[in-house]
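# Analysis of the macromolecular model
Chain residues, written in single-letter form:
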Amino acid sequence: MTTTGAIDSSYYLDSQKTRTPSATLDKDDFLQILMVQLQNQDPTSPMDDSKFVDQMTSFTNLEQVMNISEAVQSLAGNQTVMSPVLQYSHMIDKQVTYNEYNLDTGEITDTITSKVTAVTQKDGYAVLELENGKSIYADAVTKVSNE
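Attention in this report is confined to the structure presented alongside it. (Residues numbered from 1 in each chain as written. Predicted model: local features only at pLDDT ≥ 70, side-chain atom pairs only at ≥ 80, totals over all residues. Heavy atoms only, no water.)

### Remarks on the pattern of salt bridges
Condition: Salt-bridge detection follows one rule: a side-chain nitrogen of Lys or Arg within 4 Å of a carboxyl oxygen of Asp or Glu. Only DSSP runs of H or I with at least four residues qualify as helices, and only runs of E with at least two residues qualify as strands; both kinds are numbered from the N terminus onward. Partly exposed describes any residue whose relative accessible area lies between the buried limit of under 20% and the exposed limit of over 50%, with all areas from a 1.4 Å probe on protein chains only and scaled to the type maximum.
Going through the model one piece at a time under the given rule, you end up with one salt bridge. The partner of Glu100 in a salt bridge is Lys134, with the nearest N and O atoms 2.6 Å apart. Placement of Glu100 in strand 1 (residues 95–101) and of Lys134 in the loop between strand 3 (125–130) and strand 4 (135–137) is noted, with a sequence separation of 34 residues between them. For Lys134, a relative accessible area of 37% corresponds to the partly exposed category.

Here's what the structure looks like:
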């Protein structure tokens, strides 16, 4: 009587790789399907040229639509996060008024008016560069005027 050895666990079904199906078909999937189709066609009756051209046209259209979709998504993403510099650029050449405070008491020590010469950004906030040489955060402005 012969005895057999243990069964290799790689033969078990639960140890096999599982494939997760996708609801979408991307250009790589489409090209892979087309290549399998070409490899497995009957050599005695190959695919009709017009069908092949139709499939290649479909592939090209799919690729172009996907590229357009990516470009639109990128553009939309850029539009939702507007730079503080762009957001406050309309204030260049405007007169702004702001208060200076005593750091110890918190009381207003002076109200200053100056022209905005540039807008920069610091830590995600708009900073107004003024003609008087000072820089203030945009939210410190108490009044904006044309002059």
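### Notes on the pairing of strand 3
Short version of the rule: Strands pair, by our definition, only if DSSP identifies at least two bridges between them.
Bridge count for strand 2 (residues 108–122) against strand 3 is six bridges, and the pairing is antiparallel. Counterpart to Val119 in the pairing with strand 3 is Leu128. Where strand 2 folds back onto strand 3 in an antiparallel hairpin, the turn is made up of two residues, including Asp123, whose phi is positive at roughly 55°. Where strand 3 and strand 4 come together, three bridges link them in antiparallel fashion. Paired with Val127 across the strands is Tyr137, a residue of strand 4. Here strand 3 hands over to strand 4 after four residues, with Gly133 in that stretch at a positive phi of 90°.

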